[in-house]
Structure formats: C-alpha cells, structure tokens
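# Structural features, examined
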Amino acid sequence: MSENGADREQWGSRFGFIMAAAGSAVGLGNIWRFPYITGMNGGGAFVLIYLAIVFIIGFSVMLAEMGIGRAAGLNAVGSFKKLGGGAWPLVGWMGVIAGFLILSFYGVVAGWTIAYMIKSFTGLMEAGAAGKAGDLFGAFVSSPAQVVAYQALFMFATIWIVFRGIGEGIEKYCKLMMPALFVILLVLILRAVTLDGAGKGLEFYLKPDFSKVTGGTILAALGQGFFSLSLGMGCMITYGSYLNKKEALPSAAMTVVFLDTMVAFLSGFAIFPAVFAFGMEPAAGPGLTFITLPSVFAKMPMGSVFSFLFFLLLFFAALTSSVSLLEVCVAYFKDELGWSRAKASWVLGLVIFALGVPSALSLGGHFPKIAGKDFLDAVDFLSSNVLLPLGGIFISLFAGWVWLDGARKEVTNQGSHPFPVETAWIWVCRVVAPLAIAWIFVKGLKW
Ligand code: TRP
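Residues numbered from 1 in each chain as written. Predicted model: local features only at pLDDT ≥ 70, side-chain atom pairs only at ≥ 80, totals over all residues. Heavy atoms only, no water.

## Structural notes on the overall build of the chain
Scanning the chain from N- to C-terminus turns up 19 helices and zero strands. For the chain, whose C-alpha radius of gyration is 21 Å, the value lies close to the compact-globule estimate of 22 Å for 447 residues. Viewed in the frame of its principal axes, the chain has a C-alpha envelope of about 60 × 45 × 45 Å. Counting all 447 residues of the chain, 61% fall into the buried class. For the chain, restricting intrachain contacts to residue pairs at least 6 apart in sequence, the fraction spanning at least 24 positions comes to 82%. Just so you have it, the chain exposes about 15900 Å², and 70% of that area is on carbon and sulfur atoms. Separation of charge centres in the chain, based on 28 positive and 23 negative side chains, amounts to 1 Å. (Helix = DSSP H or I, 4+ residues; strand = E, 2+ residues; numbered from the N terminus. Rg over C-alpha atoms; globule rule 2.2 N^0.38 Å. Buried < 20%, exposed > 50% of the residue type's maximum accessible area, 1.4 Å probe, protein only. Contact = heavy atoms within 4.5 Å. Areas by Shrake-Rupley, 256 points an atom, 1.4 Å probe, with all protein chains shown as cover. Lys, Arg positive; Asp, Glu negative; His and termini not counted. Charge placed at Lys NZ, Arg CZ, Asp CG, Glu CD.)

What follows is the structure in structure tokens.
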C-alpha cells in the first residue's frame, strides 16, 4: 500500500492535473490578498517585482516540488524518505503540519465567502449603501455561532471532495470550478472597467511608482508569491505524485505559475477600477474584500448580483485550494499509516475543523490573544512566515544539491524531453532561491 504501486490513484489527464494544481494555487491569496498587498505597496511597481519573482524563484521551486513528488510517487514525508532518507523526511513533516495549520484558518475565511454570497441578497447592499459594511462585517465575525457554522459548511465541502478521491473528486471538481472561476472573473472585470471613473483605478494599478519600492516591497512580493503558488509545504509534491511519467514537468509548472499569476493580476482589474470609480480607499488592507467591495457593489445597478458573483468566485477559488491542503495530510496518513482515504478525509478534516474553531472565535474577541495577536493571525504567521519559507529553503536545497541527478532526470523525463534552461534552474534551486527565501524569512520574522 505504501509503495508507488500500480494501484496508486492518478490524474485522468494532463489538463486535469493542471486544473487541480492551478486550483490549488489560485485561492484567497490571489483574489483577496494580492490586490490589497498591491494597493499597499504602490501598485504597478509592485506588480513588476512580483512578476520577476514568481517566474524565476516561484517557478523553480514549483518544478522542484513536482519533480520530487512524481519521482517518488508518494506523499510529502514518504517522498523525502524514499529519495533522501536521513533527516529529510522532517521537511515533509513540516509540510503536513503546515497543511493542518493553514487549512484550519483558511477554512474560517473561506466560510465567510459562503456567508457573503447569502448576505449579498439579505442586507449587505443596504449596509454598504449606508456606509455600514464595516459594522456588518464586525457583527458577523463576532458572532461565534454564525462564523463556526459557515466554517463547518466549507470544511464539509472540502472533506467531501477529498473523500471522493483524485480523479472523481479533486480533478473533477477543479475541472468544473476553475473554468467557471475564469468566466466569473471576466464578467466582473467587464463590469468594473466600464464604470465611469474606472481610469483612475487602472492608472493606480498599472503605473509603476518606483519611489514606493523598498526592501519591504520585495519581501512582500516574495512572501505573497510563495503563498499564492502553494509552495513550501509539499502540496505540489503530493499533486505531482499522482502524475504519470509521460507528461513534461517544466511546461506544466510554467502553466500553473502563469495561470496563478494571471488570475491574481486580473483580480486587480475587477477591483481597483470599481474602488476608484466610487471613491473608496484602495489601500484598505485585509478589509478590502469584505468591507470596501460591498460598499462598491452597493452603488452599482444590480449590485447584489455582482456581489454574489464575486463571493462565488472567491468560494470556488478557496475550495480548489483547501482540497489541496487537506490532500497533503490525507496522502500522508494513507501512504504511511495505511489509513483508507475515507477514514483519513473525515478524521483529519474534522480535526482541522476543530483546530480552526479558536481562529473562528478569535476575531470577535471570543478567544484569548497569543502574545498580542489574534489566534487566527498567530496561526497564519507561524505557518506562512515560518513553516513555508523553511520548507521552501529545504526543498530547493534538496533538489539542487542532494537529489541533483534524480532531479535532472525527472524534469527531462530521463533525458527524453530536454529542458532548455535546466542549468539555470539548478542554480536557482542551489543558491538563488534558498538565499532569497532565507532573506524573507529573517526579515519577515517580526511578530
Ligand atoms: N495558494 C492558495 C492561495 O493562494 C493557498 C494554498 C493552498 C497554499 N495550498 C497551499 C498556500 C499550500 C501555501 C501552501 O490562496
């Protein structure tokens, strides 16, 4: 059962694998986080730096992860055990733990998207029009019963899809939800850019202002890139392990990076023109999505419909990501401990749900703070700013130094698919990525 046997599940097609991997990458990070991070970091200049980072470092680490996973044909821990041995499985372990932690709070925020789809028709527009979207948000997140109920609903959907398996679950639902996400995003962009006064938003978003670029901007771009591409915790190792040996990896990794970046970039076109057209604050931070945007929708004709579509978009994006987080944990318990997929999905899903309850309660002040941070922020910090960068450093070093021959063979399909920039890739894994990530790690470690 624990070997890379013929009975291991596989993606049904290359397209299915790419939709699943892009589904993992495209998430709240793209639609909720990228636009506000861009807004806070000077717009266009930030976007340019972000592009350089994701296509050089992000792509390289993504390819390393997919290669490790496909070569071993196992979960994150098993892959390091098989290819590296020694202490390397600890890297996979860190990834599994990060999966538990990230999904615990991700499920909370994702649950809000379900609530907001409903609220779009039941009072959100009225609150927005009266300038009270912030109060509505505050009242919502401080109502424990509501927040936990929506979190439970979202986790149920996640567990269900993972329980159905790779082909009949994750791949099937991602193949439906990712194209739908794209269509909804295009509808929202068309609406936004045709609003009177949209031009100012486009200018803010696209015109680079290099005077706003500091060391902090670059850190923000690196951190955002890692989270957005689902790197550093073995997600792409796990997904790669279900890919057949014939597919070319570099082009698959490049497609995923491209799709993820495009959705993030396009989200800005749906959001900034609307924010400027209605005179809202573009640098509003995390509240941009749940407070600023409802106020924007409230001022549009058929605002509730656009609001619903927006939160549906966010829901799809979140769900195709949350299944990848759960799958990292499920694959480990399945491969290494011999659990059935059904048992692993339900038991781990419920444990993660329980782990997320303190996060759900913390925003309304119903849970004690941890050294000054809300529980949700503390878990986010520990996983995103500590475990993911550490994982990223070790994964790159592993591919670039320890497993070098294997890595070269895997990304070229044993030499049959030449990879033109193989040498550059190896050096990014050896030196550039570890140093860049170590730098984000040290600089970003401010509680
Ligand atoms: N990439 C997703 C987003 O942008 C979140 C995510 C899914 C993730 N799986 C991950 C982040 C693994 C880090 C690691 O929302």
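## A word on the packing of aromatic side chains
This model, assessed by the stated rule, comprises 40 aromatic pairs. With centroids separated by 6.2 Å and ring planes inclined at 15 degrees, the aromatic side chains of Phe80 and Trp88 adopt a geometry described as stacked. Per residue, the accessibility class of Phe80 equals that of Trp88, and both read buried. When the ring of Phe121 is compared with that of Phe308, the centres are 5.5 Å apart and the planes differ by 45 degrees; the resulting orientation is tilted. Placement of the pair is Phe121 in the loop between helix H5 (89-119) and helix H6 (124-129) and Phe308 in helix H15 (residues 303-337), with a sequence separation of 187 residues. Members of the aromatic cluster, joined through ring pairs, are Trp112, Tyr116, Phe137, Phe140, Tyr150, Phe290, Phe297, Phe310 and Phe311. Lying over the aromatic face of Trp339, Lys343 brings its terminal NZ or CZ to 4.3 Å of the ring centre. (Phe/Tyr/Trp six-rings, centres within 6.5 Å; stacked < 30°, edge-to-face > 60°. Lys NZ or Arg CZ within 6 Å of the ring centre and 35° of its normal.)

## Remarks on the side chain of Asn413
Inspection of the secondary structure assignment puts Asn413 in the loop between helix H18 (404-411) and helix H19 (422-444). Residue Asn413 is classed as buried on the basis of its relative accessible area, which comes to 9%.

## Some details on a nonpolar patch on the surface
Among the surface-exposed residues, Trp401, Val402, Trp427, Val431, Val432 and Leu435 lie close enough to one another that they form a single nonpolar patch of about 570 Å² accessible area. Listed by contribution, the elements that provide at least two residues to the nonpolar patch are helix H17 (375-402) and H19. Broken down by element, the residue count for the nonpolar patch peaks at four residues, all from H19. The topology assignment puts Val432 in helix H19. (Patch = residues over 30% accessible without salt bridge, like charges linked within 9 Å, V, L, I, M, F, W, Y side chains within 5 Å. Salt bridge = Lys/Arg side-chain N within 4 Å of Asp/Glu carboxyl O.)

## Examining the site of the ligand
Surveying the vicinity of the ligand reveals 16 residues, the closest of which are Ala25, Gly29, Tyr106, Phe227 and Ser230. Interatomic distance of 3.3 Å between a backbone N/O atom of Ser24 and a nitrogen atom of the ligand. Taken together, the residues that form the shell around the ligand break down as eight nonpolar, eight polar and no charged. (Near = heavy atom within 4 Å. Polar contact = N/O pair within 3.5 Å; in protein donor to acceptor, adjacent residues only side chain to side chain. Nonpolar A, V, L, I, M, F, W, Y, C, P; charged D, E, K, R; others polar.)

## Considerations on the packing of H5 against helix H7 (residues 133-141)
Helix packing for two helices is described by the angle between their axes and how far apart those axes are. It is the contact of H5 with H7, at a shortest axis distance of 12 Å, that shows an interaxial angle of 130 degrees. Between H5 and H7, the angle falls in the class oblique. Of the two elements, H5 crosses H7, and the hand of that crossing is right-handed. On the side of H5, the interface is formed by Trp112, Ala115, Tyr116 and Lys119, while H7 contributes Leu136, Phe137, Phe140 and Val141. Within the contact of H5 with H7, the residues separate by chemical class into seven nonpolar, no polar and one charged. (Axes fitted to C-alpha atoms, helices over the stretch in contact; angles between N-to-C directions. Parallel < 35°, antiparallel > 145°, perpendicular 65-115°, else oblique. Left-handed = near helix turned anticlockwise from the far one by under 90°.)

## Brief notes about unusual backbone geometry
With the exception of glycine, most residues fall at negative phi, and the peptide bonds are largely trans. Backbone geometry places Ser230, a non-glycine residue, at a positive phi of 60 degrees. Turning to its location among the elements, Ser230 is positioned in the loop between helix H11 (215-228) and helix H12 (235-240). The class for Ser230 is buried, based on a relative accessible area of 12%. Even without being glycine, Gln414 reaches a positive phi, approximately 60 degrees. Structurally, the position occupied by Gln414 is in the loop between H18 and H19. Its relative accessible area of 57% is what places Gln414 among the exposed residues.

## Brief notes about the environment of Pro273
Relative to the helices and strands, Pro273 is located in helix H13 (residues 249-277). Measuring from C-alpha to C-alpha, the distance between Pro273 and Val193 comes to 5.9 Å, with 80 residues separating the pair along the chain. Ignoring sequence-local partners within four residues, the contact set of Pro273 consists of Ala192, Val193, Gly197, Ala198, Gly201, Leu202 and Gly268.

## Examining the pattern of salt bridges
This model, assessed by the stated rule, comprises 13 salt bridges. Note that Lys172 is salt-bridged to Glu168, the shortest N-O span being 3.9 Å. Of the two residues, Lys172 and Glu168 are both situated in helix H9 (residues 166-193); the distance of four residues between them amounts to about one turn of the helix. For Lys172, a relative accessible area of 35% translates into the label partly exposed. Lys175 is the salt-bridge partner of Glu171, the closest N and O atoms lying 3.8 Å from each other. Placement of the pair is Glu171 and Lys175 together in helix H9, with a separation of four residues, close to one helical turn. When salt bridges with common partners are traced through the structure, they connect Glu9, Glu327, Lys334 and Arg341 into a single cluster.

Such coordinate-based values are descriptive only and should not be taken to indicate function.
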